[in-house]
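# Architecture and fold: a report
Residue-level listing of the chains:
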Amino acid sequence: MIMQAFTAIFTPVCLGLIIFGTILGIVFGSIPGLSATMAVVLFLPITFGMEPTNGISLLVGLYMGGISGGLISAILLKIPGTPSSISTVFDGAPMAERGEAGRALGVGILFSFIGSIFGILALWFISPLLAKVTLLFSAADYFSVAVFALTIIASLSGKDMLSGLLSGLLGIALAMVGMAPIDAATRFNFGNYQLLSGFDITVLLIGVFAVTDIIMVGFGRRNLSKKAEKKPYQLKGYGLSMKEFIQQIPNVIRSSVIGVGIGILPGIGGSTAGLLSYTAAKNSSKYPEKFGTGIIDGIIASESSNNAVIGGSLVPLLCMGIPGNTVTAVFLGGLTIHGISPGPLIFTKSGNIVYGIYLALIVSSVVMLVFERLGLPLFVKLLDIPKHILLPIIMVLCCVGAYSSNNRAFDVYCVLGFGILGLVLKKLKIPSTPLIIGFILGSMFEENLRQALQASHGSWSIFVTRPISLCFLLVAVISCALTVRKNLKDKKTAALAGASFHTEEEEG
Amino acid sequence: MTIKTRNTIASVIFLLFGGFMFYASLGVKTVMSNDVGSGYVPRFIAVLIILTAAGKLALTLLDKNPNSRKKETSKSDSLGGFGTIGLMLLYMLAFNSVGFILSTVCYLFAQMMLLSDNTNRRPILFAILSIVVPVAVYALFVYGISMPLPVGIFGF
């Protein structure tokens, strides 16, 4: 299977798509306001007509490039291109102020690559083991996994757990439009035949992320003409000596392990991984007072960690079909469209595709290392593209993407509907990531609940008598309890400090 | 809008949505005898939405924190935001009937004009881009990857 994957990936077309995807991903990642999620969402419909390996490889390139591209604007503009690069700003910006922007960029690119490779190796070795464990899962266990994933995502995607839960439940509700699983009964289509097949995940993603962002820019159009000051840079090689590289090995291993761990847990995301690794690097450093003043340790911790998240986040996706973040949610859509069902049997049924994903990730990492470094002058120039020109063009691509997903204008109307829904959620400070995860897990939730209840003749005790199911439900309850406790504590602190308490979330 | 008002509005919207979902799910028929039926999970989710929204509403109403009554300041540009929504709406309505190229040319030009200000408004550049981009996208999709786009009443 590895050889099959090797021959599928190392073809001129597939390699070309990986290179194209990675470069374009870097462009999307580097421009603040665009994101890895947006890149993957926009190109998902284009992959429909491709061979599965080619299509998935393009998406892999976009994901990899999208995450690593964020460091360019984080260092040169002090604005993280993606949320994953937030902690890169802490030391990248002071280095740029001191005239060391080139060194910061070089180090960031090199350790993004190392973090990515670490994450891919973790994915390669952990996934088959996890897949073997998930073979023991029954319908009741899968239902509890879905509940666990939803509560974790709801708890961690924003500070207000109830808002996160409402968003996740709304996502499940949207997934129930159209024909039901098991008996194909029609629901909530209100006489509209277009709704019989339900809403398309691509359409929902384009609407809630891309279109909402463009509308939000419309509301803040006065800020569009304000340009952030761009720092000049000079760079030779990757900006660090072999001695410095060796000194940073413990930092990169620790940060990559944190990145992989955070990636495996659903809903936490790259920015938390970066922040946690940054804090861990600072706490274990011999010179913690230098963090934040412009040292490479901070950049290395942030970038190796947020790139290691990529491999980690694919572990639950491939083994259980549970997307950990919005980009992997789109990935799940891509896999499903190409007839690949993530789950414990993916290694036996579609092993060549899985190994193809691993190889595509490795190739994409190498492409990122080489092309992000070589193309730095071009990517820096792209930061100058005016948003008032770029965003309308992206809107057009959104509509084309939505139309192409099913060749019907109805999906284009839905895109605007979901864009407005995303806007309402943003205005009400309700995170939209749980909505997407809820939408994806909705059918898994329902199908397994009904199957489990059929098996137990309607008794709910099946969910607490099976050990695996009970474990997941207990973890879900504990996570909820801890989040409620933390929320109450934060509210008290905010009240004492005279500040307001509101929700925040991370998207791709 | 204060945080309290915002949270109250959010809770009420979800309460109404949950109620509507519960009502609509009552009409879903059970097809198989040994199954809970296709209306069961929607009703279950609707009840969860109602309970969560009611919990959020109760917490909001009981919140004694004076900061939650402070007005949040936001400098949003209503003309820019609602204008963008309006242009998107017109574009999507015209997308199928007028055709991809023509509707996109009009949308791109109007949207670029709306988002730009006196310092960066360049109508000639916008007009050129508004024509070049849709033609290029059309060529890529229709001829490049054989994915049809709406031709509309003018045949292109």
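### Overview of the interface of chain A and chain B
A common way to report how large an interface is uses the accessible area buried once the components associate. Contact residues are listed per partner, giving 58 residues for chain A and 59 residues for chain B. The leading source of residues in the side of chain A that touches chain B is helix α18 (residues 387-406) of chain A, at 11 residues. Of the residues in the side of chain A that touches chain B, the class split is 38 nonpolar, 12 polar and eight charged.

### Quick word on the confidence of the model for chain A
Any segment with low pLDDT has predicted coordinates that should not be analysed in fine detail. For chain A, mean pLDDT is 84; residues scoring 70 or higher make up 93% of the total. Confidence drops under a pLDDT of 50 for residues 503-508 of chain A, and excluding neighbours within four residues, the segment shows 28 contacts in the predicted structure.

### Some details on the environment of Gly18 of chain B
All names here are of chain B. Here Gly18 is to be found in helix α1 (residues 3-25). In this structure Gly18 comes out as buried when scored by C-beta crowding, with 24 C-beta atoms within 10 Å. For the pair Gly18 and Ala53, spaced 35 residues apart in the sequence, the C-alpha separation amounts to 8.5 Å.

### Considerations on the nonpolar core
Ranked by size, the top nonpolar core spans 193 residues in total, and within it Val40, Cys399 and Val415 of chain A carry the most contacts. With 15 residues, helix α6 (residues 101-134) of chain A is the single largest residue contributor to this core. In terms of domain composition, this core takes at least three residues from each of domain 1 (3-69) and domain 2 (78-144) of chain B. Dropping the residues within four chain positions of it, Val40 of chain A is found in contact with Leu59, Leu62, Tyr63, Val327 and Val330 of chain A.

### Digging into α1 of chain B
Look at α1 of chain B: 33 Å from first C-alpha to last across 23 residues, which is about the 33 Å you get at 1.5 Å a residue. Residues of α1 of chain B that are buried: Ile3, Asn7, Ala10, Ser11, Phe14, Gly18, Met21 and Ser25 of chain B. On its buried face, α1 of chain B sits against α8 (161-175) of chain A together with α2 (40-62) of chain B.

### Things to note about helix α19 (residues 409-427) of chain A
Taking 1.5 Å of rise per residue, 19 residues should cover 27 Å, and α19 of chain A covers 28 Å from first to last C-alpha, within 8% of that figure. Among the residues making up α19 of chain A, those that are buried are Asp411, Val412, Cys414, Val415, Leu416, Phe418, Gly419, Leu421, Gly422, Leu423 and Leu425 of chain A. Of the surrounding secondary structure, the elements contacted by the buried residues of α19 of chain A are α8, α9 (201-219) and α18 of chain A together with α3 (78-97) of chain B. One or two positions beyond α19 of chain A, positive phi appears at Lys429 of chain A, with a value near 60°.

### Structural notes on the packing of helix α3 (residues 36-47) of chain A against helix α14 (residues 326-337) of chain A
All names here are of chain A. Relative orientation of the contacting elements α3 and α14 amounts to 10°, with a least axis distance of 9 Å. In terms of orientation, α3 lies roughly parallel with respect to α14. Note on element contacts: α14 touches α3 through Thr326, Val327, Val330, Gly333 and Gly334, opposite Ala36, Thr37, Val40, Val41, Leu44 and Thr47. Taken together, the residues of the contact of α3 with α14 break down into six nonpolar, five polar and no charged.

### Re the packing of helix α4 (residues 52-76) of chain A against helix α16 (residues 351-374) of chain A
All names here are of chain A. Two elements in contact, α4 and α16, have axes whose closest approach is 9 Å; the angle formed by their N-to-C orientations is 40°. When the axes of α4 and α16 are compared, the pair comes out oblique. Here α4 and α16 pass one another in a crossing that is right-handed. Listed contacts from α16 to Pro52, Thr53, Ile56, Ser57, Val60, Gly61, Met64, Gly65 and Ser68 of α4 are Ile353, Gly356, Ile357, Ala360, Leu361, Ser364, Ser365, Met368 and Glu372. Residue composition of the contact of α4 with α16, grouped by class: nine nonpolar, eight polar and one charged.

Parameters and conventions
Residues numbered from 1 in each chain as written. Chains lettered and ligands numbered in written order. Predicted model: local features only at pLDDT ≥ 70, side-chain atom pairs only at ≥ 80, totals over all residues. Contact = placed C-beta atoms within 7 Å. Helix = DSSP H or I, 4+ residues; strand = E, 2+ residues; numbered from the N terminus. Nonpolar A, V, L, I, M, F, W, Y, C, P; charged D, E, K, R; others polar. pLDDT = per-residue confidence, 0-100. Buried ≥ 20, exposed ≤ 12 C-beta atoms within 10 Å, placed from the backbone. Core = buried A, V, L, I, M, F, W, Y, C linked by C-beta atoms within 7 Å. Domains from an automatic or database assignment. Expected span 1.5 Å × (residues − 1). Axes fitted to C-alpha atoms, helices over the stretch in contact; angles between N-to-C directions. Parallel < 35°, antiparallel > 145°, perpendicular 65-115°, else oblique. Left-handed = near helix turned anticlockwise from the far one by under 90°.

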